[in-house]
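Here's the letter readout for the chains.
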Amino acid sequence: MFGYVIKRAFQMVLVLWAVSVLVFVMMSFTGDPTYMMVPLDATEEQIAQARRLLGLDHSHLTQYRLFLKNVLQGDFGRSFVFRQPANSLILERLPATLEIVFLAMAIALVVAIPLGVYAGANPKRAGSHAVMAGSLVGISLPGFWVGMVLIFVFAVKLQLFPSSGRGPTQEVFGIRVSFLTWEGLRHIILPAVTLSIGTLAILMRIIRAEMMEVMRQDFVRFARAKGVGQRGVLFRHGLKNALIPLVTVFGLMLGDLIAFATLTETIFAWPGIGKLLVDSIYRGDRPVIVVYLMFVALMFVVVNFAVDVLYALIDPRIKIR
Amino acid sequence: MPMSTIAARTRRGVLALALLAATAAPALAQGKAVTVALTADAVILDPHAANELTGNIMFYHLYDPLVTRTADLKFEPGLAESWQVVDDTTWVFRLRRGVKFHNGDELKASDVVYTVERLKKALMSSLVANIASARAIDDYTVELKTPKPYAVLHMAMAEVLIVSEKYAKAVGDEQMGLKPMGTGPYRLAEWVKEDRIALEAFADHWRGKAKIDRVVFKPITNPATRTASLLTGGVDVIQDLSVRDVASVQANPSFQVITRPSLLNLVIALDTREKSPTIDLPVNPMRDRRVREAITRAINVEALQKVVMNGFSTPSDQYVPSSHLGYVEGLDFRKTYPYDLAKARDLMKEAGFEKGFAMTLDTTNNRYVNDAAIAQALAGMLSRIGITLNLNLMPRSNFFGYIRVPSDKSSFIMSGWDTPSGDAGNMYSVLMYSRGAKAGYGQANRGAYSNPEFDAFIDKADSTSDMTKRDEFLKEATKIAVRDIPMIPIHYEQDIYAARKSVKVVPRMDKFIWAYEMDVN
């Protein structure tokens, strides 16, 4: 186990380093951000002064060396645009993103598990066909379109929910959250539902397929013969075994949603990190892009690690080496 | 309850109070409140460190300049109650007495001097390029020296926002960007990144307290969401109403649509160098004025307005709007060179390019309204006089570096230019003055236009401290430019706002929504 953690940590450093190199190389092609920040009538001296202020007056290689040196000292660089430390820009917006992502995952799980189990246990029923067709629609619909339709129906027409923004926030252990009040919940529901739809559909299909697989196994037949009721067979014996591959997918999806909730955040004007990434790309704000992508890479590594550990806990046959 | 608490919060009166009571929202400040949806959040609230629209909107709420620019681009006394030109390069500004910063300190001449010095070292140093030095004569008198006679210094001062020396030195640059503190009509109440910037009226503002007590700006990037927020009562005013929503909002009796031509003039710079980078001919055809005229006549600006812009643009008659110094009454680019294909073809033939030629248009695909569609329309229009226009569209992050002088990759560049200074001189000296002749001139002359006669008028305009004379010299320069066609002005974009009917919105020429001018009934 200990060796495994060391190996993983080493891999992580390698991945982070590769990401930083990639971003630096890519950003060296996208033009000089100074030109977007100075007025169009700026003279050469004014541009040179701006470049000096932003730390862009060195060669790309020197800039990268300086970046690495600073990272080793815990300084991830300053945004050209915000003039604030890039990591604090991300941390400041992270709670809002985590909030909708966790709620979206919760919605996806709560809906997908019963429906998936039902469809997997009774593959021939009309209800199962309806569920499967619905999941196909869920996978195919683009998130931004779902968001727009939800806003149109539930905010503009029915006026049940606000159309955008985050509700009032409360501090819990120094983190601002909005799901504790009714008003905050009303704001979070539409974006969370929008974000959950794709994940929900995929989870449901996986659960169904796994359930169908598991239900054919001998131990299920033994359980039935032993006199275990339908519910016990499905959830205690069937679902528990079907969950193993689900954990992997779930972990990856969680990472995916955190990293790329961008579209949903933009449509609902949700103050999360996704919008920061898009804006930073438009502005050529390299320090933010580097730290953001390194953060995302780190998150994927950590989530995958957690998944591996969970695996061993769920299924004693699997050993981590 | 068919309305959110946010909606209720933005309204006053019995209905709102009833709603508030019903939803048990926390007690809110008494008085009028307005919520405005903008297209983006501010990035930094230091007026000397950024140049983007949302930031600019905030700066003018939080800070004041010496000279105030009105919604119609007139210039009035601001923090300075008067000014005079002492000699060709010396100006004296007399400050209003008793002006208070938000922290209660009084504005002094030393703050103005500090502001100029701070700006010299900041990102926006171009704002004080026309100030050589600043000196406090006494607590309420500032003397500014210009490097050369500059008749419109007071107009340039409308963009210099005065900070408190004591505060800026005490908190440092990073905090200046987060916790702004000025003399402006509003003070910062709360800034939740990407969610809202809340401002509250500053009771001791020298103009008198604002009518609206609390203004909340919300960044809503997606245009459809912005419209939905207005319709659902989440916000009272929205910036940049999407063109496709105009008709439906207008049809709704509770809302109004407000439009006005912006200052942003979309212009095409034509390369006039001997050899042009994207034209595979020994001599650049656009050196010939007849070819430039033919191109101008082949561009149907009205069709662009109707078809590409859905009517939301104003064809430009000159390089600057009629409010500006240097605008020539009665001169109209569209009347001088009306759309006329036959004439355009004749001109091409006369110039010896009957068969046409190919070149590349460089422009953006995410900076100006419908920029890519305009580029495609231009290609179609020019093909009718034999010019094959290849399109090189790029995001703005690449564009401004790509086209930068010496523009050695470009022949035909479409970009926007706005001149909030109210003076054509800045645009002419930067965009059309011969390159490399003088420092601070011609640094964005992308077509390398060079006409000594034109330069001479700019030189004269920049060597008088008399505004009337400057205006006359610039008018002469305008006439030469319209004759020579170094650039083709296309249109001014239209600013479109939508608001609840009960809110009085004053659209500003410089786009800087200003709550001080707004009111709610």
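Just so you know, these numbers come straight off a predicted model, no measurement behind them.

Chemist: What am I meant to see in the overall build of chain B here?
Modeler: Per the secondary structure count, chain B includes 17 helices and 19 strands. For chain B, whose C-alpha radius of gyration is 25 Å, the value lies close to the compact-globule estimate of 24 Å for 521 residues. The principal-axis extents of the C-alpha atoms in chain B amount to approximately 80 × 60 × 40 Å. Within chain B, residue pairs in contact and separated by at least 24 positions form 69% of the contacts whose partners lie at least 6 positions apart. Summing over all exposed atoms, chain B offers an accessible surface of approximately 19000 Å²; the carbon and sulfur share of this is 51%. Measuring between centres, the 64 positive side-chain charges of chain B sit 3 Å from its 61 negative side-chain charges.

Chemist: I tried to follow the packing of aromatic side chains on my own but got confused; where do I start?
Modeler: Given two aromatic rings, their pairing is described by the distance between the two centres and the angle made by the two planes. Residue and element names in this part refer to chain B. Counted under the stated rule, the structure contains 16 aromatic pairs over all chains. The interplanar angle of 75 degrees and the centroid separation of 5.8 Å between the aromatic rings of tyrosine 449 and phenylalanine 454 together place this pair among those described as edge-to-face. A cation sits over an aromatic face here: arginine 207 above tyrosine 516, 5.7 Å from the ring centre.

Chemist: Sorry, what's going on with the domain arrangement of chain A here?
Modeler: How large an interface is tends to be reported as the accessible area lost when its parts come together. Residues and elements named next belong to chain A. Here chain A is partitioned into domain 1 (2-72) and domain 2 (93-314). The straight-line distance from the C-alpha centre of domain 1 to that of domain 2 is 34 Å. On the domain 2 side, the residues contacting the 15 residues of domain 1 number 14 residues. Counting the surface lost from both domain 1 and domain 2, the interface buries some 1500 Å², and carbon and sulfur atoms represent 79% of this.

Chemist: Hey, could you run me through helix H9 (residues 289-298) of chain B in this one?
Modeler: In an α-helix, one turn spans 3.6 residues; hence positions three or four apart end up facing the same way. Burial analysis of H9(B) places 8 of its 10 residues in the buried class, which makes it a mostly covered element. All buried positions along H9(B) are accounted for by B:Val291, B:Arg292, B:Glu293, B:Ala294, B:Ile295, B:Thr296, B:Arg297 and B:Ala298.

Chemist: Hey, could you run me through the interface of chain A and chain B in this one?
Modeler: With 49 residues of chain A at the interface, the matching set in chain B holds 51 residues. In this assembly, chain A packs against chain B so that about 4300 Å² is buried in total across both faces, 51% of it on carbon and sulfur atoms. Inspection of the region where chain A meets chain B yields 3 salt bridges. A salt bridge links B:Glu174 to A:Arg78, with the nearest nitrogen and oxygen atoms 2.7 Å apart.

Chemist: When you look at the sheet that holds strand S6 (residues 133-138) of chain B in this model, what are you seeing that I'm missing?
Modeler: Residue and element names in this part refer to chain B. The strand order across the open sheet built from 4 strands is S4-S5-S7-S6, with neighbouring strands paired in antiparallel fashion. The sheet is open, and its two borders are formed by strand S4 (80-87) and S6, each paired with just one other strand. The sheet shows a mean angle of 25 degrees between the axes of neighbouring strands, taken without regard to direction. Relative to strand S7 (residues 141-145), strand S5 (residues 90-95) is paired through 5 bridges, and the arrangement is antiparallel. The residue of S7 that forms the bridge with valine 92 is glutamate 143. Sitting on the sheet, helix H4 (residues 109-120) touches S5, S6 and S7, and the angle it makes with S6 is about 175 degrees.

Chemist: It is not clear to me how the nonpolar core should be interpreted in this structure. Could you clarify?
Modeler: In summary, soluble globular proteins display a tendency toward joint burial of nonpolar side chains. Of all hydrophobic cores here, the largest spans 211 residues; its most connected members are B:Met58, B:Leu66, B:Ile295, B:Ile299, B:Phe412 and B:Tyr428. When residues of this core are assigned to their parent elements, the largest contribution, 13 residues, is made by helix H5 (residues 86-121) of chain A. In this structure, this core is formed jointly by two domains, domain 1 (2-72) and domain 2 (93-314) of chain A, each of which donates at least three residues. If near-sequence neighbours (up to four positions away) are discounted, B:Tyr428 is found in contact with B:Tyr319, B:Tyr433, B:Phe454, B:Ile458, B:Leu474, B:Ala477 and B:Thr478. Ranked by size, the runner-up nonpolar core spans 14 residues in total, among them A:Ala269, B:Val235, B:Leu241 and B:Val249.

Chemist: How should the environment of B:Ser415 be read in this particular structure?
Modeler: All names here are of chain B. Mapping serine 415 onto the fold places it in strand S16 (residues 412-417). For serine 415 and proline 489, which are 74 residues apart along the polypeptide, the C-alpha to C-alpha distance reads 9.9 Å. If sequence neighbours within four positions are ignored, serine 415 has contacts with Asn265, Leu266, Val267, Tyr368, Phe399 and Arg446. Separated by 3.0 Å, the side chains of serine 415 and arginine 446 make a polar contact.

Criteria and cut-off values
Residues numbered from 1 in each chain as written. Chains lettered and ligands numbered in written order. Predicted model: local features only at pLDDT ≥ 70, side-chain atom pairs only at ≥ 80, totals over all residues. Heavy atoms only, no water. Helix = DSSP H or I, 4+ residues; strand = E, 2+ residues; numbered from the N terminus. Rg over C-alpha atoms; globule rule 2.2 N^0.38 Å. Contact = heavy atoms within 4.5 Å. Areas by Shrake-Rupley, 256 points an atom, 1.4 Å probe, with all protein chains shown as cover. Lys, Arg positive; Asp, Glu negative; His and termini not counted. Charge placed at Lys NZ, Arg CZ, Asp CG, Glu CD. Phe/Tyr/Trp six-rings, centres within 6.5 Å; stacked < 30°, edge-to-face > 60°. Lys NZ or Arg CZ within 6 Å of the ring centre and 35° of its normal. Domains from an automatic or database assignment. Buried area = accessible area lost by both parts, 1.4 Å probe. Buried < 20%, exposed > 50% of the residue type's maximum accessible area, 1.4 Å probe, protein only. Salt bridge = Lys/Arg side-chain N within 4 Å of Asp/Glu carboxyl O. Pairing = 2+ DSSP bridges. Axes fitted to C-alpha atoms, helices over the stretch in contact; angles between N-to-C directions. Core = buried A, V, L, I, M, F, W, Y, C linked by side-chain atoms within 4.5 Å. Polar contact = N/O pair within 3.5 Å; in protein donor to acceptor, adjacent residues only side chain to side chain.

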